[in-house]
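Structural features, examined
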Amino acid sequence: MDERARMKRVVSLRRGLLGMLTEVAFVGSLIGLGFLISWLFFMGR
Amino acid sequence: MIRRVWREDFRIIGYYTGLVTIGVGLLMLVPMVTSLVFREWASALDFAISVALTLLVGYVLALVSRTKSTPGLTHAMVIAAGSWLVAMVLSGVPYMLSGHMASFLDTCFDTMSGYTTTGMYLMQDLDHISQGLNMWRHLLTYVGGQGIVVLALTFLIGSTGGAFKIMVGEGKEEKLEPNVRHIAVLIWRISLIYLGVGTVVLGVVAIANGIKPYLAFFHGAYIFMSAWSTGGFAPYSQNMLYYHSSAMEIASMVFFILGSFNFALHYAVWTGNRREILRNVEIVSFTITVLTTFSLVCLALMQRGVYPNAVALFRRGFFQLISGHTTTGQSNIYARTFVREWGPLGMLATTIAMAIGASAASTGGGFKGLRVGIIVKGIVTDVRKLLSPERAVVMGHYHHIRDKVLSDSVVKSAAVIVVLYVLIYVVGTVVGMAYGYPMVDALFESVSAGSNTGLSCGIVQASMPTLMKIVYMFEMWMGRLEFLSVFTLFGFIATSFRSMRVRKTAV
């Protein structure tokens, strides 16, 4: 594998990993929003 | 469109259906090995018989109808719909041999529920089935989520011109790459990477919960396969309630929300377009509908004073709602809790969430966020047109991977599919009501089946009327394949009979 192919693979792997982390962060935020709504309803009862 | 059916049409359909059947047979080797690992000899023998039978049927079908012709759109649709039926019957053989099924209809119900990622089941004594059979149940739902045709495309069918059409027939119509085999490989790569991550995360949580290490990773794999494919199965009859673990529930929730995303979105985000997750019409639509329906659930549960604190409200209410919205169907409450504690408003909010469902070209079911987004944008555009001067040109847009113009034909096709979903939901509800179930319960269960969710308020059980089992199976099948391929299959069968009549008259 030459240097260029190796770099391409590293960039692709980094993008994939960052993509996965972005997805997990988004899902985490959504779950956090869910908890916030539960808390607000409970506080406002 | 096929006006008359010729022998070559049957050959094309038979050949590709045979290949998909061979794929199903090879897949059965996984639970067979699982049974051997756990020294479940009787179960291993059941799977050996099933593998032999399925491979034989697939091989004979492919051999008898061997052809080099490329499938057209009609063939592709019939292959997609027909393969699911053949797979449903043959995948049920190990179920029947296990002795845990009351009838063959119940077996077909369970395998259809598995493949369509619904998650309802009629199996008897689920808590004592073999590990091999448990692996098979979860594998069915995992493979069904990606699409069994996608599986066959990846390993058995070459990159033929008609292959993409078969995938469209299975509801995977996003063209991520020009080569259809590359699309199938991409879908599998994303799913398998998450399978590895998910099995480890859930396995570690299971160990922390006191499950023996060698068994914990099997539980991790089962729960991941169920979550990622938005299936809803679990190894024990109490579903997620069995674990009594909020960590397990949150980890599973993360994976089923991820599983409900469009594969095109995963691809875009994984290839560097990370802002897509905030701009995509499906994600915007999903976020709004989740927060709205969850607010309704909170309102219902607070009115009835069901849960004593915000954590309990979130843990039960949000998990159930999001499980319904992503059409997963995993549950951390008992089925009758919906009726006894959540009440009509809580059930109705969950029903709306299930009806809307997940993303297009994902593992989930329901109308899909994309269609809801398109229809809402269509209504907004129409209102803007009415408020604008007559000569003004008002164009609607939506963002799905790239900016797209909202044409009337796009809104119309989205609306047609939504109407068809509503129709099957209504049919299931009417049949349920005809058997004496209250409207809210019948609606909940029908929408759950039609949107491939699998949450139950207690109607689905082995003793329910036979007609309801058949109607729910049709709902699952049609909802999963999004109607067109099923209608094409019916049209093909009708045309075949007509062609036979014409030939007889000519003779």
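Quick note: structure is the one above.
These remarks concern the structure in this document. (Residues numbered from 1 in each chain as written. Chains lettered and ligands numbered in written order. Predicted model: local features only at pLDDT ≥ 70, side-chain atom pairs only at ≥ 80, totals over all residues.)

1. A short note on the overall build of chain A
When helices and strands are tallied, chain A shows 1 helix and 0 strands. Across its three principal directions, the C-alpha atoms of chain A cover 65 × 5 × 5 Å. Relative to its 45 residues, chain A shows a buried fraction of 16%. (Helix = DSSP H or I, 4+ residues; strand = E, 2+ residues; numbered from the N terminus. Buried ≥ 20, exposed ≤ 12 C-beta atoms within 10 Å, placed from the backbone.)

2. With respect to the packing of helix α11 (residues 213–228) of chain B against helix α12 (residues 246–259) of chain B
Residues and elements named next belong to chain B. Orientation of α11 relative to α12, taken along the N-to-C sense of each, is 35°, at an axis distance of 7 Å. Between α11 and α12, the residues in contact are Ile223, Phe224, Ala227 and Trp228 and Ser252, Phe255, Phe256 and Gly259, respectively. Looking at the contact of α11 with α12, its residues break down into 6 nonpolar, 2 polar and no charged. (Axes fitted to C-alpha atoms, helices over the stretch in contact; angles between N-to-C directions. Contact = placed C-beta atoms within 7 Å. Nonpolar A, V, L, I, M, F, W, Y, C, P; charged D, E, K, R; others polar.)

3. A short note on the nonpolar core
All names here are of chain B. Formed by 140 residues in total, the largest nonpolar core has its most connected members in Ala81, Met112, Leu139, Phe224 and Trp477. Residue contributions to this core peak at 10 residues, all from helix α4 (residues 73–91). Both domains that meet at this core, namely domain 1 (7–259) and domain 2 (276–464), each give it at least three residues. (Core = buried A, V, L, I, M, F, W, Y, C linked by C-beta atoms within 7 Å. Domains from an automatic or database assignment.)

4. Some points on the interface of chain A and chain B
Facing 21 residues of chain A, the contacting portion of chain B comprises 24 residues. Looking at the side of chain A that touches chain B residue by residue, the classes come out as 13 nonpolar, 5 polar and 3 charged.

5. Let's talk about α4(B)
Two residues of an α-helix separated by three or four positions point the same way, owing to the 3.6 residues in each turn. Across its 19 residues, α4(B) extends 27 Å between first and last C-alpha, which sits within 8% of the 27 Å expected from 1.5 Å per residue. The element α4(B) is extensively covered by neighbouring structure, given that 15 of its 19 residues are classed as buried. (Expected span 1.5 Å × (residues − 1).)

6. Comments concerning unusual backbone geometry
Residue and element names in this part refer to chain B. The residue histidine 244 is not glycine, and still its phi comes out positive at about 45°. Examined against the element boundaries, histidine 244 turns out to sit in the loop between α11 and α12. In this structure histidine 244 comes out as exposed when scored by C-beta crowding, with 11 C-beta atoms within 10 Å. The backbone of threonine 327 sits at a positive phi, close to 60°, despite the residue not being glycine. Mapped onto the elements of the fold, threonine 327 is located in the loop between α16 (310–325) and α17 (337–356). You can call threonine 327 buried: it has 36 C-beta atoms within 10 Å.

7. Structural notes on the pairing of strand β1 (residues 396–400) of chain B
All names here are of chain B. Burial along β1 is one-sided: Gly396, Tyr398 and His400 are buried, and none of His397 and His399, which face the opposite way, are. Bridge count for β1 against strand β2 (residues 402–406) is 5 bridges, and the pairing is antiparallel. Within the sheet, the bridge partner assigned to glycine 396 lies in β2 and is leucine 406. The loop that links β1 with its antiparallel partner β2 comprises 1 residue; one of these, isoleucine 401, has a positive phi angle of about 70°. (Pairing = 2+ DSSP bridges.)

8. Concerning the packing of α4(B) against helix α6 (residues 104–115) of chain B
Residues and elements named next belong to chain B. Between α4 and α6, whose axes approach to 8 Å, the crossing angle comes to 125°. Comparing the axis directions of α4 and α6 gives the class oblique. Seen along the crossing, α4 lies across α6 with a hand that is right-handed. Of α6, the residues touching α4 (which contributes Trp84, Ala87, Met88, Val89 and Ser91) are Cys108, Thr111, Met112 and Tyr115. The residue inventory of the contact of α4 with α6, partitioned by class, reads 7 nonpolar, 2 polar and no charged. (Parallel < 35°, antiparallel > 145°, perpendicular 65-115°, else oblique. Left-handed = near helix turned anticlockwise from the far one by under 90°.)

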